[in-house]
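Now for the letters of each chain:
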Amino acid sequence: DLDSRRPVTADSVFRIASMTKSFTAMAILKLRDAGKLSLEDPAERYVPELRGLSYPTTDSPRLTIRHLLSPHAVVLRNGRQHDIDAADLVPGDIVLLASGDRVPADLRLLRARNLRVDESALTGESVPVDKAEAAVDAEAPLAERTSMLYSGTTATFGQGTGVVVATATATE
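Report follows, based on the coordinates. Just so we're clear, the structure is a prediction, and the values are computed from it rather than from any experiment.

**Observations concerning the pairing of strand β2 (residues 80–85)**
Part 1: Two strands pair when backbone bridges link them, and strand β1 (residues 72–77) and β2 are joined in this way by 6 bridges, in the antiparallel orientation. Looking at the pairing, R77 lines up with R80 of β2.
Part 2: Linking two consecutive strands that pair antiparallel, namely β1 and β2, is a turn of 2 residues; a positive phi of about 55° is found at N78 within it.

So this is what it looks like as structure tokens:
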């Protein structure tokens, strides 16, 4: 209710941000299906703020609409952070997550700082779940595996670091 004077919580802000990302992706795909744009179109055609991007060389690949829609992950490799396509993740990769990030693969938490995750698509739970790095029994039900993050869920609050344990069709 827009007229209410209730305070806005961090959870509601992150839920709105997540819904906005989903809505934007759906709108782009509908425009593509209607022939109004191509996923190979340069992103700066639709997002003028991207026009100032500098590319290392003149023949460097340009940022396209497809790049904006592709899931990405921030990983630690050889002690350095890299932003990679989620499809390039492999078991053993260390993934860094922050509020609003979609979990790119099944992860075992190594570190969590006030981390909450929306697992409603998997568990039906209507509120984000607190996550922690403490190990749980391997036979624990999915909803009680507080040290695991699952592909396709969304971090709604906090930060976390996890190791990839499953990707693609091997995920929960």
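**Examining unusual backbone geometry**
Part 1: Non-glycine residue N78 carries a positive phi angle of around 55°.
Part 2: Secondary-structure assignment places N78 in the loop between β1 and β2.
Part 3: Using a relative accessible area of 82% as the deciding quantity, one classes N78 as exposed.
Part 4: Here the phi dihedral of N114 falls at roughly 50°; this positive angle occurs in a residue that is not glycine.
Part 5: If you trace the backbone, N114 turns up in strand β4 (residues 106–118).

**Digging into the nonpolar core**
Part 1: Formed by 16 residues in total, the largest nonpolar core has its most connected members in L89, V95, L107, L115 and L149.
Part 2: Per element, the largest residue contribution to this core is 5 residues, and it comes from β4.

**Brief notes about the side chain of T153**
Part 1: By secondary structure assignment, the location of T153 is in the loop between β6 (148–149) and β7 (154–166).
Part 2: The class for T153 is buried, based on a relative accessible area of 3%.
Part 3: Once residues within four sequence positions are removed from consideration, T153 is found in contact with D101, R102, V103, V117, D118, E119 and L122.

**Focus on the pairing of strand β3 (residues 94–98)**
Part 1: When β1 meets β3, the two strands line up antiparallel, connected through 3 bridges. What sits directly across from V74, in β3, is L96.
Part 2: With 5 bridges joining them, β3 and β7 adopt antiparallel strand pairing. Its bridge partner being in β7, I94 is matched across the sheet by V163.

**Overview of the environment of S38**
Part 1: Mapped onto the elements of the fold, S38 is located in the loop between α1 (10–33) and α2 (65–69).
Part 2: A residue is classified by how much of its surface remains accessible, and S38, at 30% relative accessible area, is partly exposed.
Part 3: Here the alpha-carbon distance between S38 and I28, two residues 10 residues apart in the chain, equals 9.2 Å.

Cut-offs applied
- Residues numbered from 1 in each chain as written.
- Predicted model: local features only at pLDDT ≥ 70, side-chain atom pairs only at ≥ 80, totals over all residues.
- Heavy atoms only, no water.
- Pairing = 2+ DSSP bridges.
- Helix = DSSP H or I, 4+ residues; strand = E, 2+ residues; numbered from the N terminus.
- Buried < 20%, exposed > 50% of the residue type's maximum accessible area, 1.4 Å probe, protein only.
- Core = buried A, V, L, I, M, F, W, Y, C linked by side-chain atoms within 4.5 Å.
- Contact = heavy atoms within 4.5 Å.

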